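Now for the letters of each chain:
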Amino acid sequence: MQLTLEQTTKEIESGALLHIAGSEKLLLRLPKGNWIGGSTEYFLTEDGGAVTDQLLNVTSIPFDEYKVSSYSADTIENIAADAYDRGFTIVILPFNSRVHTKYALDSDEFEGLFTSPICGWIAGYNIMSDRQVAVSANGVEGKVSETDAVALHIRLPEGRNARIGTINIFEPDTDSPVITFKENSLDVDSCFVDGEEVNFAGYLREMNVNTNLPLVGDYSGADVSISFKEITTKTVHLYAPVKAGVAYRFAKDVADYESAFQAKLAPIDHKNYVFACNCILNFLYGRMQGKDIGGLYGPVTYGEVAWKVINQTLVYVIVE
Amino acid sequence: MTISDAQTKKLLEYDGPIQLKQLAMNFALNRFKTKYVANPSDEVVTAYTKELNTFFDKYESIMKDDYEWITSL
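Here the structure is a predicted model, which is why all the values come from computation and not from measurement.

**Q** Where do I start with the overall build of chain A in this structure?
**A** When helices and strands are tallied, chain A shows seven helices and 27 strands. The C-alpha atoms of chain A give a radius of gyration of 19 Å, which matches the 20 Å a tight globule of 320 residues would have. When the 320 residues of chain A are sorted by exposure, 57% land in the buried category. Across chain A, every contact between residues at least 6 apart in sequence was considered, and the portion connecting residues at least 24 apart equals 74%.

In structure tokens form, the structure reads like this:
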């Protein structure tokens, strides 16, 4: 729910365990308590997509056993090892920080990553601002950080399981060439297009590729979206890394993001969802301000975490 | 629900359509396939077997479909 600073402060003072998303300036004014947070001014709410620096998105996490941990780029590899055996973790990483880059590039090798349900998001800021910074917030320690990630590790009662789900409205275009890469990277110079090595930035310009649409990679049967951040003269900068050995294609166009999400959400029983987030590129390119996608609400983010950092995807966790 | 090294090896060498339902399983398979292509050794197979069995042990109730698909290969 969207709350004012005063309402959020009261929630914190009640002792509730909370996930909070909002502008850096509001997060800095919150008292210590049982909460984690991250910066964004974009939200998907029951009243539709919203942009505000006056309200915080507050989600109550209805579990009693938990721990809050901060991680630097040097310690983030311990995140899965620190998770409870039966539970789940919500992690928030500040955009463009070393810890974000480390997680994005190296999380495949973090001990136990894929056998621990880990979801979360990349904190950002208002794209119209040139003064804001992305932060995470550890409410237990009263620490707001541009450099460290924060994680809420939750232990679930016996007999309950967390299930992380994703909704990716993008599919690979079967007419697209197959794009592959030499190495795992967020910043790409060369790639192979149907096996022929080319400069990726030059190829995108030459073919007039719509870079509002992501690359869709085949990760052993799962379609995973990787979004374009910026294309400079010779380099393509991405919001999540491409991986060597994975075959990517350009995505098929999506005419109506709102309907696409609603159609994919409809069959999901999400009444017990605990957390959800969606990508800022879906919000912006899908013109989702004021639109209700129907059921999974939360922060709009600079990248999503479903074990790995992915893009242009709605991520949620349901406890069964 | 337990997977053997022989079943893991079949999965790593399987070239058909993947029918896993849990995204973490797709990611783990992708990670180990990459390792196995670079180093097709028993060590990689055994490490993946261990990870698969951790999945099935921890999340038996939601892993049934993936287990059945792997063991049907």
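**Q** Explain the overall build of chain B to me, please; I cannot follow it from the model alone.
**A** The helix and strand inventory of chain B stands at four helices and zero strands. The helix and strand sequence of chain B, counted from the amino end, reads α-α-α-α. Along the longest, intermediate and shortest principal axes, the C-alpha atoms of chain B span 35 × 25 × 20 Å. Counting only residues that meet the buried cut, chain B has 49% of its 73 residues in that class. Nonlocal contacts in chain B, meaning residues at least 24 apart in sequence, comprise 67% of its contacts between residues at least 6 apart. For chain B, the centre of its 9 positive side-chain charges and the centre of its 11 negative side-chain charges are spaced 3 Å apart.

**Q** I keep staring at the interface of chain A and chain B and nothing clicks. Help me out?
**A** How big an interface is tends to be reported as the loss of accessible area on association of its parts. Facing 24 residues of chain A, the contacting portion of chain B comprises 20 residues. A buried area of about 1900 Å², summed over both sides, lies between chain A and chain B, and 56% of it is on carbon and sulfur atoms. Contact with chain B buries area across many residues of chain A, yet F114, T115 and S220 of chain A alone supply 33% of it, more than any other trio. At the junction of chain A with chain B, the criterion picks out two salt bridges. We note a salt bridge from R31 of chain B to E109 of chain A, for which the minimum N-O separation is 3.0 Å. Where chain A touches chain B, the interface holds nine residue pairs in polar contact (both at pLDDT 80 or more). When contributions to the side of chain A that touches chain B are tallied by element, the ones reaching two or more residues are β13 (162-167), β18 (215-219), β19 (222-226) and β26 (308-310) of chain A. In terms of residues, the side of chain A that touches chain B owes the most to one element, β13 of chain A, which gives three residues.

**Q** How should I be thinking about unusual backbone geometry in this particular structure?
**A** Negative phi values dominate among residues other than glycine, just as trans dominates among peptide bonds. Residue and element names in this part refer to chain A. In the Ramachandran plot, N96 falls in the positive-phi region, its phi being about 65° despite a non-glycine side chain. A positive phi angle is found at W307, which is not glycine, with a value near 65°. Position of W307 relative to the elements: it lies in the loop between β25 (304-306) and β26.

**Q** Just to check I follow, could you spell out the sheet that holds strand β4 (residues 42-45) of chain A for this structure?
**A** Pairing between sheet strands relies on hydrogen bonds along the backbone, with the strands arranged either parallel or antiparallel. All names here are of chain A. Reading across the sheet, the six strands line up as β5-β4-β24-β23-β27-β13 and stay open at both edges, with mixed pairing between neighbours. Bordering the open sheet on either side are β5 (48-51) and β13, each of which pairs with just one other strand. On average, each strand axis in the sheet is tilted by 25° relative to the strand beside it, whichever way the strands run. For β13 and strand β27 (residues 314-319), the ladder comprises six bridges, and the chain directions are antiparallel. Along β27, the bridge assignment pairs R163 with I318.

**Q** Sorry if this is basic, but what is going on with the sheet that holds strand β15 (residues 185-188) of chain A here?
**A** All names here are of chain A. A sheet is described by the order of its strands in space; here three strands give the open sequence β15-β21-β20, paired in antiparallel fashion. Unpaired on one side and paired on the other, β15 and β20 (228-231) mark the two borders of the sheet. Each neighbouring strand pair of the sheet contributes to a mean axis angle of 25°, computed without reference to strand direction. Taken together, the three bridges between β15 and strand β21 (residues 236-242) define a ladder with antiparallel strand orientation. In the strand pairing of β21, D187 is matched with H237. Sheet contacts for helix α4 (residues 98-106): β15 and β21; angle to β15, the most-contacted strand, approximately 95°.

**Q** How should a nonpolar patch on the surface be read in this particular structure?
**A** All names here are of chain A. There is a patch of nonpolar side chains on the surface, built from I127, M128 and L284 and spanning about 310 Å² of accessible area. For M128, the location among the structural elements is in the loop between β9 (118-123) and β10 (136-138). Classification of M128 as exposed rests on a relative accessible area of 73%.

**Q** Just to check I follow, could you spell out the packing of helix α1 (residues 5-13) of chain B against helix α2 (residues 23-38) of chain B for this structure?
**A** Angle between the axes and distance between the axes: these two values describe a pair of packed helices. Residue and element names in this part refer to chain B. Interaxial distance between α1 and α2 falls to 10 Å at its minimum, and their mutual angle equals 85°. Here α1 lies roughly perpendicular to α2, going by the angle between them. Here α1 contributes K9, L11, L12 and E13 to the contact with α2, which in turn contributes L29, F32, K33 and Y36. Within the contact of α1 with α2, the residues separate by chemical class into five nonpolar, no polar and three charged.

**Q** I'm lost on the domain arrangement of chain A in this one. Help?
**A** Residues and elements named next belong to chain A. Assigned domains within chain A: domain 1 (2-166 + 258-319) and domain 2 (179-250). The straight-line distance from the C-alpha centre of domain 1 to that of domain 2 is 26 Å. Listed by partner, the interface residues are 16 residues for domain 1 and 17 residues for domain 2. Of the roughly 1200 Å² buried at the junction of domain 1 and domain 2 (both faces included), carbon and sulfur atoms supply 55%. If you sort the residues of domain 1 by the area they bury against domain 2, L105, Y285 and N311 come out on top, with a joint share of 38%.

Cut-off values and rules
- Residues numbered from 1 in each chain as written.
- Chains lettered and ligands numbered in written order.
- Predicted model: local features only at pLDDT ≥ 70, side-chain atom pairs only at ≥ 80, totals over all residues.
- Heavy atoms only, no water.
- Helix = DSSP H or I, 4+ residues; strand = E, 2+ residues; numbered from the N terminus.
- Rg over C-alpha atoms; globule rule 2.2 N^0.38 Å.
- Buried < 20%, exposed > 50% of the residue type's maximum accessible area, 1.4 Å probe, protein only.
- Contact = heavy atoms within 4.5 Å.
- Lys, Arg positive; Asp, Glu negative; His and termini not counted.
- Charge placed at Lys NZ, Arg CZ, Asp CG, Glu CD.
- Buried area = accessible area lost by both parts, 1.4 Å probe.
- Salt bridge = Lys/Arg side-chain N within 4 Å of Asp/Glu carboxyl O.
- Polar contact = N/O pair within 3.5 Å; in protein donor to acceptor, adjacent residues only side chain to side chain.
- Pairing = 2+ DSSP bridges.
- Axes fitted to C-alpha atoms, helices over the stretch in contact; angles between N-to-C directions.
- Patch = residues over 30% accessible without salt bridge, like charges linked within 9 Å, V, L, I, M, F, W, Y side chains within 5 Å.
- Areas by Shrake-Rupley, 256 points an atom, 1.4 Å probe, with all protein chains shown as cover.
- Parallel < 35°, antiparallel > 145°, perpendicular 65-115°, else oblique.
- Nonpolar A, V, L, I, M, F, W, Y, C, P; charged D, E, K, R; others polar.
- Domains from an automatic or database assignment.

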